[in-house]
Amino acid sequence: MINVSIVGATGYVGIELMRLLHQHPEVEIKDLVSKSSAGQRLVDLYPQFRGSSLNDYQLRAMEDFEPAASDLIFTALPHGVSQNVVGELYGKGPKIIDLSGDFRYHDVDIYQEWYGVEHQHPELAKKAVYGLVELNREKIKEADLVANPGCYVTASLLGILPLLQFSKADLSSIIIDAKSGVSGAGRSLKQNLLFTETHNTIKAYSPGVHRHSSEIEYISNQFLAGEYELEPGKLNFDKLAAKRRAQVLFTPHLVPIKRGILATIYLNLKESSSKTEILELYQQAYNQEGFVEVLVDELPEIKNVAGSNFAQIGFKYDQRTDRIIIVSAIDNMLKGAAGQAVQNLNLIFGFPENTGLKATALFP
C-alpha cells in the first residue's frame, strides 16, 4: 500500500480523486488538505462519503500537513497557486502529480504569456514530465513531478496525435471546436455558471485565446520536434516531421451538462487519402491502449464515456473537400483530470495501468 495525500481536496477534481483513490486497492489516503475548509469533517462537506473509510477524515490546513509521510501528493489547486505549493513540497520525499497548468510548459515564457502569471519555479517546470500517458508513458514511470494535462487538451491531443505524423496532413489548418460540461469551470461561485445562466443555452467563450490553445499547440510541436520517446511501432516517428509545425485554432463552448467533453476537430489534407489509410493511422497508435477506443463507422458521444476514464475517437473523411473530421469524447473530470492522474500514479508505482479505473460509463 502507498500513502497518498491531496492538497486542494475539496474542489471537484479533488473529490473525484478521493472517490477513485478510496476504491484503489493499492492506496491508503493519508491527508486531505484544504485552505478553505481546514478543520471541518469531510462528510459534512460531501455526505456521499458517510459510512466509508473516509467517514472520520478531518481536513487539514497546509501548515499542519507533513508531506514526508506520503509517497505521493496530488496538488489540485488553481494555476498560479499550485506552483508555489509544489515548490514548497518538491524534494521532501513524495512524488508529485500537479493538476494545474503551472508545470505543463518547459518554456515558462509561453506559460507567462498565456496565463498572465509570473512563474516562480522555472527550474521545476523544466524538470516536470508531461502526463499524457499515451504520449509519454516511459518518462512518466521515472518522474518525480508530473504535470497532468488540461481536459480540453487531452481530448484534442488524443484526436490529432496520429495525424501529426501523416505526411498528407496540412498542420496549419487544425480547427478544434470543443464542448464541455459546467464542472470544467470549477466549483467557485460565478454568476455566469449559475443554473439559470447555463440551462437551455450553449455559448462559445475565449475563441482563439483560451489557454488550452497554447498547450495543444505547444505539445503538438514538442512531439513533432522529437521531445517524446514513442514506443516502437507507434506512429512511426519521422525525423523529417521536426521541420513541420502545427497551428491550432481552438474555440471552447459551455454546454448545460455536468461533465464531459466532445471535441470536433477539422484538418485539411494536401492530397487525397482514404478511410482505410486514416483508420490504419489511428489503429496503429491506439490499438494497444487500454483507455482509448477507436470507433469504426460511428462517432463518440459523451454519454458513452461520462463517469469513466475512457476516451473514444471516431472520424469522417470527406473526400469531396479532402478534409478529415475527428470527434473525440472524454469525461473532463476523469480522463481529463482525476482519472488520468490516477493512471499516472499507477505508472509511477508499477501497478497495472487500469488499477482503480475499470469503471465503465454511467449510462443512462
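- As recorded by an unreviewed UniProt entry, the protein chain carries the name N-acetyl-gamma-glutamyl-phosphate reductase and is attributed to Halanaerobium saccharolyticum.
- Per UniProt, the protein chain carries the Sequence similarities (unreviewed entry) text "Belongs to the NAGSA dehydrogenase family. Type 1 subfamily."
- Recorded in UniProt under Function (unreviewed entry), the annotation for the protein chain is "Catalyzes the NADPH-dependent reduction of N-acetyl-5-glutamyl phosphate to yield N-acetyl-L-glutamate 5-semialdehyde."

1. Re the domain arrangement of the protein chain
Quoted interface sizes are often the accessible area lost when the parts come together.
And then number 1: Assigned domains within the protein chain: domain 1 (2-148 + 337-349) and domain 2 (152-330).
And then number 2: The C-alpha centroid of domain 2 is placed 25 Å from the C-alpha centroid of domain 1.
And then number 3: Taken residue by residue, the interface counts 23 residues in domain 1 and 32 residues in domain 2.
And then number 4: Buried surface at the junction of domain 1 and domain 2, both sides included, amounts to about 2500 Å², of which 54% is carbon and sulfur.
And then number 5: Sorting the residues of domain 1 by area buried against domain 2 places Trp-114, Glu-134 and Leu-135 first, and these three jointly supply 27% of that buried surface.
And then number 6: Linking domain 1 with domain 2 are three salt bridges.
And then number 7: Ionic pairing is found between Arg-104 and Glu-215, a salt bridge with its closest N-O pair at 3.1 Å.

2. Side note on helix 9 (residues 211-224)
And then number 1: Taking 1.5 Å of rise per residue, the 14 residues of helix 9 would be expected to cover 20 Å, and the 20 Å separating its terminal C-alpha atoms lies within 8% of that figure.
And then number 2: A large share of helix 9 lies buried, amounting to twelve of its 14 residues.
And then number 3: Within helix 9, burial applies to His-212, Ser-213, Ser-214, Glu-215, Ile-216, Tyr-218, Ile-219, Ser-220, Asn-221, Gln-222, Phe-223 and Leu-224.
And then number 4: Within two residues after helix 9, Gly-226 carries a phi angle of roughly 85 degrees, on the positive side.

Rules used in this analysis
- Residues numbered from 1 in each chain as written.
- Predicted model: local features only at pLDDT ≥ 70, side-chain atom pairs only at ≥ 80, totals over all residues.
- Heavy atoms only, no water.
- UniProt positions renumbered as here; feature names shortened; annotations may be inferred.
- Domains from an automatic or database assignment.
- Contact = heavy atoms within 4.5 Å.
- Buried area = accessible area lost by both parts, 1.4 Å probe.
- Salt bridge = Lys/Arg side-chain N within 4 Å of Asp/Glu carboxyl O.
- Helix = DSSP H or I, 4+ residues; strand = E, 2+ residues; numbered from the N terminus.
- Expected span 1.5 Å × (residues − 1).
- Buried < 20%, exposed > 50% of the residue type's maximum accessible area, 1.4 Å probe, protein only.

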